[in-house]
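# Reading the structure
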Amino acid sequence: MNTTTYKGIGASPGIAIANAIVIHDEVFIPEAIQAKDKEASWERVQQAFTAAEQDIQTIYEHTKAKLGDKKAEIFEGHLMILDDPDLLEGIQASIEEDGYEAEYALHATAQQFISILSEMDDEILRERATDVKDITNRIMSHLRGVKHIDLSSLQEECIIVARDLTPSDTALLDVNYVKGFVTAMGSRTSHSAIMARSLEIPAIVGAGEAVMSIETGVTLIINTDQQEVIVQPDSSVLEEMTSKQQMFIQHKEQLAKLVNQPTISKDGSQVELAANIGKLEDIDRAISLGAEGIGLFRSEFLYMGKTSLPTEEEQYSSYRYALQKMGTKPVVIRTLDIGGDKELPYLSLPKEDNPFLGLRALRFCLVNQDLFRTQLRALLRASVHGNLKIMFPMIAVLEELLQAKQILAEEKQKLIDEDIAVNDHIEVGMMVEIPSVAVSADLFAPHVDFFSIGTNDLIQYTMAADRMNETLAYLYQPLHPSILRLVKMVIDAANKEGKWVGMCGEMAGDSLAAPLLLGIGLHEFSMSASSILSTKEQLMNLNKTEWTTHAEHAMTLAQSEQIVQYVQLHLTSNE
Amino acid sequence: MISQTFTIINPTGFHVRPTKTFVQLASSFPCKITLHCNGKKANGKSSLSMLTLGLTTNSEVLLETDGDQEQEALKALGEVLTSLHD
């Protein structure tokens, strides 16, 4: 028995163990023969289109019922292709003018579109070539009277191996039998990968043409942790993977139960878990992973990767989209945070010797007020569509905050004068990233509705160490007593004024820092969506009062390393 | 025949759904509707043809309408191009 391993891209997490079913989709390439009867040929094409349309309607309804409207949209796209005048007219011309037989006319016409689309730079557009191929194969099957492979009628557990799975194949997969799939082609964003994630079955995509040599019937293991497919594993690997699989499934079931649960510690303290997002597409995922809000919406993405500034309309519609998606849940939008390591080439900013200590974020906006005012107007206009909170980054002194608030108030008044609706209850907060603010948070607290601690910058400025400098990497110490003490000062100052404090840095989702932050009294933890459920699970198993004591003790230890050990010790004894 | 240039602002580009909305509206007008982008042109009533333009965020598109209701079509379709969200 020979064990072989193929590496690919883990498109949907998990471990699957089952026998392989390999689908060899021999591609039918019709010959360029002349039609015996042009009229009959055209008639057959039309019938094949009608039959394909009925198929897709069925798949569309099926997908909608099983996976929801969003996933079913792919098939609306297919119906749109079936209805396309250029495709139909192209086929008709190929038959009537060039005299080709129906099969070749279909193949040649569709191929023109497929070849253009498959060479697109944009990956999503490239994926449309798969849609056209998928639908063309289906029409072709009807033309030829050949049955399409039916993945919905499998009778035993299996792992599907295929060159690529078409959207209609994946939509029909019966997850009671299909335990996972492996494809030779594809990427994390291909249809099959997206489908695998929604069906929650493990999948490896883009594993290379060699996987097509796997034989139907052999045992396969998909292990997405290692991004690999193991063919014919020996008994020890099989045993190890089986137990890993069970642990994975159990843990996933436990985590999934937490999605709609509030995060309440064992002794009854509730905190809010929110997501940091960098683009609009992240919102759906954040919601599905239990985000109770957006704790940091990085508005920079609207400005980056472009050739000019985004317009007010453009920004307005993006903010509105995010707010509407989140409904009543809070969305904290940070105003433009540019400079430092984030550049906007089209603004051609002068080079600075110390960009992290330079004209960045709010400082830049106060100097370039036109751009700032445009953003604030867009935010204010969008505010009526949800629960918006505006946050100013990189404040060092009170004057900056007051000036930013003044500009915001002016823009609000202008909109009101123009009879444009603005939400009257927008919370306005600021980031705490500079030690000057943390140590005098009590002086800032009366002027804001909330603070959000940006730990990456706060650590960098507190330690006076550039976080991009690898030699100084040891100075990036989230669990240093000075950082914990600064966090505590901010929270204490806010509590006195009845304001809330969030944290939107990596630290909030760190399993060693989170217990201490709970203990110190942080109200909102904002992190990458993928960390939310595990953080939620952790916090729900902790006793806040105990961790308040632990945090107090930790802050008396002189070195990070000692704090790390102390936390680890008490986390283990908690289990 | 009249024409005007528009910029695609949809942050995720111009994919199936925006194309569908565009094509549906384009098909409701009797005039000929053509889009030009990066030296390529496409029939505004065909989604496949439109997808081959490879429109993404910030693409500049010349929209051309020719025939009955060309004014109305240019105005309505221009709005679709610049306001769509995916």
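Model, not experiment: these values are computed from the prediction. (Residues numbered from 1 in each chain as written. Chains lettered and ligands numbered in written order. Predicted model: local features only at pLDDT ≥ 70, side-chain atom pairs only at ≥ 80, totals over all residues. Heavy atoms only, no water.)

## Examining the packing of aromatic side chains
Residues and elements named next belong to chain A. According to the stated counting rule, one finds 5 aromatic pairs over all chains in the structure shown. When the centroid spacing of 4.7 Å and the interplanar angle of 55 degrees are considered together, the rings of Tyr100 and Tyr104 count as tilted. Here the aromatic residues Phe297, Phe301 and Tyr319 are joined through ring pairs into a cluster of three or more. Above the plane of the ring of Tyr316 lies Arg381, whose end atom (NZ or CZ) is 4.2 Å from the centre. (Phe/Tyr/Trp six-rings, centres within 6.5 Å; stacked < 30°, edge-to-face > 60°. Lys NZ or Arg CZ within 6 Å of the ring centre and 35° of its normal.)

## Some remarks on the interface of chain B and chain A
In this assembly, 25 residues from chain B lie in contact with 27 residues from chain A. Carbon and sulfur atoms make up 66% of the surface buried where chain B meets chain A, a total of about 2200 Å² over both sides. Between chain B and chain A we count 1 salt bridge in total. Close ionic contact of Glu76 of chain A with Lys20 of chain B constitutes a salt bridge, the shortest N to O distance being 2.2 Å. If you list the elements that add at least two residues to the side of chain B that touches chain A, you get α1 (16–27), β3 (40–43) and α2 (47–51) of chain B. Grouping the amino acids of the side of chain B that touches chain A by side-chain chemistry returns 8 nonpolar, 12 polar and 5 charged. (Contact = heavy atoms within 4.5 Å. Buried area = accessible area lost by both parts, 1.4 Å probe. Salt bridge = Lys/Arg side-chain N within 4 Å of Asp/Glu carboxyl O. Helix = DSSP H or I, 4+ residues; strand = E, 2+ residues; numbered from the N terminus. Nonpolar A, V, L, I, M, F, W, Y, C, P; charged D, E, K, R; others polar.)

## Regarding the UniProt feature "binding site: Mg(2+)" (unreviewed entry) in chain A
Residue and element names in this part refer to chain A. The UniProt feature table records "binding site: Mg(2+)" (unreviewed entry) at Glu433 and Asp457. For the residues just named, distributed over 25 residues, the greatest C-alpha separation is only 5.4 Å, placing them together at one site. Mapped onto the elements of the fold, Glu433 is located in the loop between β14 (427–432) and α14 (435–439). Apart from the residues within four sequence positions on either side, Glu433 is in contact with Pro393, Met394, Gly454, Asp457, Leu458 and Tyr461. In this structure the side chain of Glu433 is engaged in a polar contact, spanning 2.5 Å, whose partner is the backbone nitrogen of Met394. By secondary structure assignment, the location of Asp457 is in helix α16 (residues 455–463). Those residues in contact with Asp457 that sit more than four places away from it in its chain are Phe356, Arg360, Glu433 and Arg467. (UniProt positions renumbered as here; feature names shortened; annotations may be inferred. Polar contact = N/O pair within 3.5 Å; in protein donor to acceptor, adjacent residues only side chain to side chain.)

## Some remarks on helix α18 (residues 513–520) of chain A
Residues and elements named next belong to chain A. With 8 of its 8 residues buried, α18 lies for the most part within the structure. Taken as a whole, α18 has its buried residues at Ala513, Ala514, Pro515, Leu516, Leu517, Leu518, Gly519 and Ile520. Positive backbone phi, approximately 105 degrees, marks Gly521, located one or two places after α18. (Buried < 20%, exposed > 50% of the residue type's maximum accessible area, 1.4 Å probe, protein only.)

## Describing the packing of helix α12 (residues 369–382) of chain A against helix α13 (residues 398–417) of chain A
Residue and element names in this part refer to chain A. Following both chains from N to C, one finds α12 and α13 inclined at 60 degrees, their axes separated by 9 Å at the closest point. As far as their axial angle goes, α13 and α12 are oblique. Every pair of crossing elements has a handedness; the one defined by α12 and α13 is right-handed. Residue-level inspection shows Gln369, Phe372, Arg373, Leu376, Arg377, Leu380 and Arg381 of α12 in contact with α13, the latter providing Gln403, Ala404, Ile407, Leu408, Glu410, Glu411, Lys412, Lys414 and Leu415. (Axes fitted to C-alpha atoms, helices over the stretch in contact; angles between N-to-C directions. Parallel < 35°, antiparallel > 145°, perpendicular 65-115°, else oblique. Left-handed = near helix turned anticlockwise from the far one by under 90°.)

## Section: α12 of chain A
Residues and elements named next belong to chain A. Here α12 spans 20 Å end to end across 14 residues, near enough to the 20 Å set by a 1.5 Å rise per residue. Burial analysis of α12 places 11 of its 14 residues in the buried class, the great majority of the element. Every buried residue of α12 is accounted for by Leu371, Phe372, Arg373, Gln375, Leu376, Arg377, Ala378, Leu379, Leu380, Arg381 and Ala382. Contact partners of the buried residues in α12: α10 (312–326), β12 (330–334), α11 (361–367), β13 (387–392) and α13. (Expected span 1.5 Å × (residues − 1).)

## Description of the pattern of salt bridges
Residue and element names in this part refer to chain A. This model, assessed by the stated rule, comprises 26 salt bridges over all chains. Note that Arg373 is salt-bridged to Glu410, the shortest N-O span being 2.9 Å. On the criterion of sequence distance, the pair formed by Arg373 in helix α12 and Glu410 in helix α13 is long-range, its members being 37 residues apart. Assessed through its relative accessible area of 17%, Arg373 is described here as buried. Between Lys412 and Asp424 there is a salt bridge, with its nearest N and O atoms 3.3 Å apart. Here the residue Lys412 occupies a position in helix α13, and Asp424 occupies one in the loop between α13 and β14, the gap between them amounting to 12 residues. Residue classification places Lys412 among the partly exposed residues on the basis of a relative accessible area of 23%. Put simply, Glu300, Arg334, Asp337, Arg360 and Asp457 are held in one network by salt bridges that share partners.

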